[in-house]
Structure formats: C-alpha cells, structure tokens
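Chain residues, written in single-letter form:
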Amino acid sequence: MSATVAQYPMAASLGALRKAAAVSDASAERIALVLDMDECLVHTKILSGKDGYRQDEERPTDTVDAYPESFEVVMDDGERVIVNKRPGLDAFLKEAAAHFDLYVFTAGLEIYGRPILDVLDPTNTLFKGRFFRTSCTQKRGFFMKDLRSIRADLSKVVLVDNNPVSFLPQPSNGIPVPSFYDDVHDKTLESLTKVVMTLRNVTDVRPRLHQLFRLADLLAEHRKMLWCI
C-alpha cells in the first residue's frame, strides 16, 4: 500500500448559541494524537551495525552522512545511534502539543527509544505518554499497535504511522505517512499538520479518517490473516 498524507480542505440566536456551547462541552476532551517514531518522526543509524532495537523492516543502508538535522545518542548498553530528524519536526511537535494530547507509540525497545525521545522532549512537556514494544501486540513476527493501550474510547484517538501493519487493530483511526530517511525536502509534517487540524472539532475521528484514507478497506485481507477478524 502506498501511504501518503495529502492536503485536504478544512472544512445566531440565543438558543443556537446554547446548543453550540453544549456540543462544545460534550466534545471538550482533546484528541489523542499518537505518533510512531522510526521512519515517521526520525530515522536512525545504529553505528555498530547490530540491531534488534527497532522493528525489523527494510531500510536503506546508503543514507547521507551529513544530514543537517541530526544528533547522536548513547544507549544504556553503550550502543551509539545517529538520529535524523524529519524536516520541521520541532515546530510540528510544538504546534501539535498546543492542540492535541501527544503520545509516542513505537515498536522499538525502550532502551533504544527513551534516549531519543529525551532529546526530542527534553523538558518532558510535549508527550503525555510513551509506549514501547512491550505495549505492542505481536502476531507472526509483526508488531501491531492496539490503541486501547492509549484510551478505551477510540472516538478521539489518531495514530500516525508509516507502517501499514501498525494500523491493523483499528484501521479507521489511522493516518498513513511515507517513510522518512534523509530527504531534506520532505514536507510530510507540513501536510500532516493541515490534516490533523481539520479533526479538532469532530466528535468521532473515525468516519472522517475512513473517508480520507479508507485503511479498513485497504487492509481488510491483512486483518483477516493477522488480526483474525
């Protein structure tokens, strides 16, 4: 499946005002915007060449060495990791945190993901929660993200991910994005911002996301095979 965020258009009597206020109160809870980490927010290169820290998937080995927005972290076991930030990441996180409850949900191990997220959120004020591989549901070697780990009520939960497998438990809650490695001209987060902002006032994100991306239709056969639905 080709996963790409596109740009979409955003869509007074006293009694009407009271009705509007009642609707506003009923939908006051902010949307939980759940973000994948690897190839979604960042791309990493483990300098020793060993892996197992990240979800096993095909990644290029010839990414540029002089990517302008990168940093290095050292894991608790001494492994060194170079991290490329997707263009516009800091601005996106700041803007998104002003309007949504942000979470990170990665299939990577905590020993690997924690130091990266500590750099992205040094004051621990952007992300409401961090979820790692232990929160994923594993089937046939695939790590899937059941959003009920975030909230029981899924009407206001959105998962942004580059891996279609992640959406299998709740495909109508997903926004697919293309994988990021080292493209300095990548505009995905700019387009993503426009899409998620159109969701702020909806009472249930699923009908709108299904209309935009139709992931439930695209992933139907995979759900039957892997999710047993």
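Rules behind the numbers
Residues numbered from 1 in each chain as written. Predicted model: local features only at pLDDT ≥ 70, side-chain atom pairs only at ≥ 80, totals over all residues. Heavy atoms only, no water. Pairing = 2+ DSSP bridges. Helix = DSSP H or I, 4+ residues; strand = E, 2+ residues; numbered from the N terminus. Axes fitted to C-alpha atoms, helices over the stretch in contact; angles between N-to-C directions. Contact = heavy atoms within 4.5 Å. Phe/Tyr/Trp six-rings, centres within 6.5 Å; stacked < 30°, edge-to-face > 60°. Buried < 20%, exposed > 50% of the residue type's maximum accessible area, 1.4 Å probe, protein only.

As named in an unreviewed UniProt entry, the chain is CTD small phosphatase-like protein, taken from Achlya hypogyna.

This next bit is on the sheet that holds strand β4 (residues 80–85). Within a sheet, each strand pairs with its neighbour through backbone hydrogen bonds, oriented either parallel or antiparallel. Ordered by their spatial adjacency, 3 strands build an open sheet running β2-β4-β3, and the pairing between neighbours is antiparallel. Edge positions in the sheet fall to β2 (42–46) and β3 (70–74), since each has one partner strand and no second. Going across the sheet, the axis of each strand differs from the next one's by a mean of 25°, ignoring polarity. As paired elements, β3 and β4 share 5 bridges and run antiparallel to each other. Residue V73 lies in a different strand from β4, and its bridge partner there is V81. The sheet strands contacting helix α3 (residues 110–120) are β2, β3 and β4, and the helix crosses β3 at an angle near 135°.

Before going further, it helps to examine the packing of aromatic side chains. Tallied over the entire structure, the rule returns 4 aromatic pairs. Taking the centre distance of 5.8 Å and the plane angle of 65° together, the rings of Y67 and F180 count as edge-to-face. Here F180 lies in the loop between β10 (174–176) and α4 (188–197) and Y67 lies in the loop between β2 and β3, a separation of 113 residues in the sequence. No difference in accessibility class separates Y67 from F180, as the two residues are buried.

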